[in-house]
Amino acid sequence: MENEAKEKSQAAQLKEKLFINKKNGCRKVSSDDIIRADEFCEEYKNFLDHAKIEREAVIYAIEAAQNAGFTEYDHTMTYEPGDKVYVNNRGKAVMLAVIGKNGTHNGVRLGIAHIDSPRLDLKPKPLYEANDLALFKTHYYGGIKKYQWPTIPLALHGVVALKNGSNITVTIGEDESDPCFCVTDLLPHLAVEQMSQVMTKAFNGEHLNVLVASRPFNEDEESESVKLNVLSILFEKYGFAEEDFLSADLHMVPALKARDLGFDRSMIGAYGHDDKVCAYPALMAALDTEMPDSTVITVLTDREEIGSDGNTGMKSTFLADFIADLAQADGEQARHVLRKSTCLSADVNAAYDPTYASAFEANNSSFINNGAVITKYTGSGGKYSTSDASAEYMAKVRRILDDAGVLWQTGELGKVDGGGGGTIAKFVANYNADVVDLGVPVLSMHAPMEVVSKLDVYMTYRALFEFYRAE
Ligand code: MN
Ligand code: MN
């Protein structure tokens, strides 16, 4: 009996050789890896709290890059291998490059992630008064389940641009001493009709009005005096008037801080993991990259949640233009550089949720704590609208990650006909580069509080770092 217990059966040995290892990811890594993951995520939580919108993420990234020796890119300058530069695109997207030993001659290594997250944007004329309450009209940004947004504390973030050319930065609701805001909901006692409606009808875009004040301005008997009171407070604090809302990017985001989640503190609950949970590891990988073989470019882009249109989104030419500038400096043509370039599109995937098991196909889902998830293709309805990484490129990425001992898994976004979604991978693939999605599995994606595992965040950093330094 003793021998049998020690020696694995032929079937067990063959299984080990031929089957995918399905052990829990936490059992596949060392205790040091777990410690490093926990340490890595401490600053990640701080990043989440200070980078809720893309503009704040850009400020954080540039400051971190400058501290790590990056300088602002100037296309008229010559750069040497090992030099580190960044490009700030309108304060809403940023690229960081580490010039490689071979420059762009063998293509570039790309890591791309997005720094915008679903939220409620203020309409151009947001402020109105109704029945002695002042409210903001909003237009939601990205794919949200609208019922999740009422009755949670909201904070206002963004900028107001004045005609004189100055920008006013607004952040209200994050400090413990700040007021917060909220969208109200109907009490259950009076919700008989609401509760009988389908969710898309019960909560629509025009219900997402944010309560911002209730007291009138002094004792004058003017109309709209609660609205006047709001404008008076804003003018006193920030110096802008109602008309200045017309030239503003103002966003309501959950006024929640990133927190450890679970008795074991293995997870993080926070707003905006999608896709800061990949943007932060990508940023850290960029900062830790020294003298790579090929030039490494990390892109933190905007607009992904609304389709990547616009000059700060991945459909813009800003990345291709930058690569063209780097190529030209090396005496190369951009198209020849792009053809040889490889990219990890760092975005989240849906983690398997046992409570909603019927939405997933368990064999091909990603799971919390099983490491960075590689998503060969996204899209929907028969692989529509996705780049689908080639077998050869998948093999290359597998080799890089396995050689470096990175914990990773694969995942598809739910059941084949269950819905779908895309990432920015396809836009880079359309440049004629090789791309695959790699990122962190997320529970409750696009909700005001999303959940990730610390181990997966750290492994996504390691995956990007190893990809950047691989030959
Ligand atoms: Mn995303
Ligand atoms: Mn998303």
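Relevant structure appears above.
Note that this is a predicted model, so its numbers are computed, not measured.

1. What to know about the overall build of the protein chain
Moving on, step 1. A count of helical and extended segments in the protein chain gives 14 helices and 23 strands.
Moving on, step 2. For the protein chain, the C-alpha radius of gyration of 24 Å lies close to 23 Å, the compact-globule estimate for 471 residues.
Moving on, step 3. In terms of overall dimensions, the protein chain has C-alpha extents of about 90 × 65 × 40 Å along its principal axes.
Moving on, step 4. Taken over 471 residues, the protein chain has a buried fraction of 52%.
Moving on, step 5. By sequence separation, contacts in the protein chain at least 24 residues apart represent 76% of the contacts at least 6 residues apart.
Moving on, step 6. Counting every atom, the protein chain has about 23,100 Å² of accessible surface; 50% of that belongs to carbon and sulfur.
Moving on, step 7. Of the side chains in the protein chain, 47 bear a positive and 69 a negative charge, and the two mean positions are spaced by 7 Å.

2. What to know about the sheet that holds strand β11 (residues 248-254)
The strands making up a sheet associate through backbone hydrogen bonding, with each pair oriented either parallel or antiparallel.
Moving on, step 1. Taking strand neighbours across the sheet as the criterion, the 7 strands line up as β8-β7-β11-β5-β6-β10-β9 in an open arrangement whose pairing is antiparallel. One side of each edge strand has no neighbouring strand; the edge strands of this open sheet are β8 (167-172) and β9 (182-183).
Moving on, step 2. The strands touched by helix α8 (residues 225-238) within the sheet are β5 (119-130), β6 (133-141), β8 and β10 (210-213), with β5 carrying the most contacts at an inclination of about 125°.

3. So, the coordination of the manganese ion (ligand 1)
Moving on, step 1. Only His114 (NE2), Asp274 (OD), Asp347 (OD) and Asp347 (OD) from the protein coordinate the manganese ion (ligand 1), and they sit 2.1 to 2.6 Å from it.
Moving on, step 2. Site description for the manganese ion (ligand 1): donor spacing in sequence, H-x159-D-x72-D.
Moving on, step 3. Here the manganese ion (ligand 2) and the manganese ion (ligand 1) are spaced 3.4 Å from one another, each receiving a donor from aspartate 274. With aspartate 274 in helix α9 (residues 273-288) and aspartate 347 in the loop between β15 (342-345) and β16 (349-350), this residue pair connects regions lying 73 residues apart in the sequence.
Moving on, step 4. By relative accessible area, which is 3% here, aspartate 274 ends up buried.

4. Details of the sheet that holds strand β17 (residues 372-375)
Moving on, step 1. Judged by pairing direction, the sheet is mixed, and its 9 strands sit side by side in the order β1-β2-β3-β14-β4-β15-β21-β17-β19 without closing on themselves. In this open sheet, the two edge strands, each paired with only one partner strand, are β1 (71-72) and β19 (408-410).
Moving on, step 2. Alignment of strand β3 (residues 93-98) against strand β14 (residues 296-301), held across 5 bridges, turns out to be antiparallel. By the bridge assignment, leucine 96 is partnered in β14 with threonine 298.
Moving on, step 3. Across the sheet, helix α10 (residues 318-329) touches β2 (84-89), β3, β4 (109-114) and β14, and the angle it forms with β14 is around 160°.

5. Examining the side chain of histidine 446
Moving on, step 1. Counting through the fold element by element, histidine 446 comes out in the loop between β22 (441-442) and β23 (450-453).
Moving on, step 2. Within the structure, histidine 446 has its side chain in polar contact with the side chain of aspartate 274 (distance 2.9 Å).
Moving on, step 3. Leave out the neighbours within four places in its chain, and histidine 446 touches Pro118, Gly143, Gln148, Trp149, Asp274 and Glu305.

6. Some points on the state of the cysteines
Moving on, step 1. Across all of its chains, the model carries 0 disulfides by this definition.
Moving on, step 2. Here cysteine 26 is not disulfide-linked; the sulfur of cysteine 41 is the nearest cysteine sulfur, at 12 Å.
Moving on, step 3. Distance from the sulfur of cysteine 180, which forms no disulfide, to the nearest cysteine sulfur (cysteine 182) is 7.0 Å.

7. Regarding the packing of α9 against helix α14 (residues 454-469)
Moving on, step 1. One way to put it is that α9 packs onto α14 with a least axis distance of 8 Å and a crossing angle of 40°. Comparing their axes, α14 and α9 come out oblique. In the packing of α9 onto α14, the handedness of the crossing is right-handed. Two secondary-structure elements touch here, α9 through Val277, Cys278, Pro281, Ala282, Met284, Ala285, Ala286 and Asp288 and α14 through Val457, Thr460, Tyr461, Leu464, Phe465 and Tyr468.
Moving on, step 2. Of the residues belonging to the contact of α9 with α14, the class tally is 12 nonpolar, 1 polar and 1 charged.

8. Digging into the packing of aromatic side chains
Moving on, step 1. With the rule as written, the count across this model stands at 19 aromatic pairs.
Moving on, step 2. Arranged with centres 6.5 Å apart and planes meeting at 55°, the rings of tyrosine 147 and phenylalanine 203 form a pair that is tilted. Placement of the pair is tyrosine 147 in the loop between β6 and β7 (154-161) and phenylalanine 203 in the loop between α7 (199-202) and β10, with a sequence separation of 56 residues.
Moving on, step 3. Centroid distance tyrosine 458 to tyrosine 461: 6.2 Å. Interplanar angle 25°. Geometry classified as stacked.

9. Some words on the coordination of the manganese ion (ligand 2)
Moving on, step 1. Bound to the manganese ion (ligand 2) on the protein side are Asp274 (OD), Glu305 (OE), Glu305 (OE) and His446 (NE2), at distances that span 2.0 to 2.5 Å.
Moving on, step 2. Of note, the donors binding the manganese ion (ligand 2) are all from one chain and are spaced D-x30-E-x140-H.

How each quantity is defined
- Residues numbered from 1 in each chain as written.
- Chains lettered and ligands numbered in written order.
- Predicted model: local features only at pLDDT ≥ 70, side-chain atom pairs only at ≥ 80, totals over all residues.
- Heavy atoms only, no water.
- Helix = DSSP H or I, 4+ residues; strand = E, 2+ residues; numbered from the N terminus.
- Rg over C-alpha atoms; globule rule 2.2 N^0.38 Å.
- Buried < 20%, exposed > 50% of the residue type's maximum accessible area, 1.4 Å probe, protein only.
- Contact = heavy atoms within 4.5 Å.
- Areas by Shrake-Rupley, 256 points an atom, 1.4 Å probe, with all protein chains shown as cover.
- Lys, Arg positive; Asp, Glu negative; His and termini not counted.
- Charge placed at Lys NZ, Arg CZ, Asp CG, Glu CD.
- Pairing = 2+ DSSP bridges.
- Axes fitted to C-alpha atoms, helices over the stretch in contact; angles between N-to-C directions.
- Donors = N, O, S within 2.8 Å, 3.2 Å for Na, K, Ca; no water.
- Polar contact = N/O pair within 3.5 Å; in protein donor to acceptor, adjacent residues only side chain to side chain.
- Disulfide = S-S within 2.5 Å.
- Parallel < 35°, antiparallel > 145°, perpendicular 65-115°, else oblique.
- Left-handed = near helix turned anticlockwise from the far one by under 90°.
- Nonpolar A, V, L, I, M, F, W, Y, C, P; charged D, E, K, R; others polar.
- Phe/Tyr/Trp six-rings, centres within 6.5 Å; stacked < 30°, edge-to-face > 60°.

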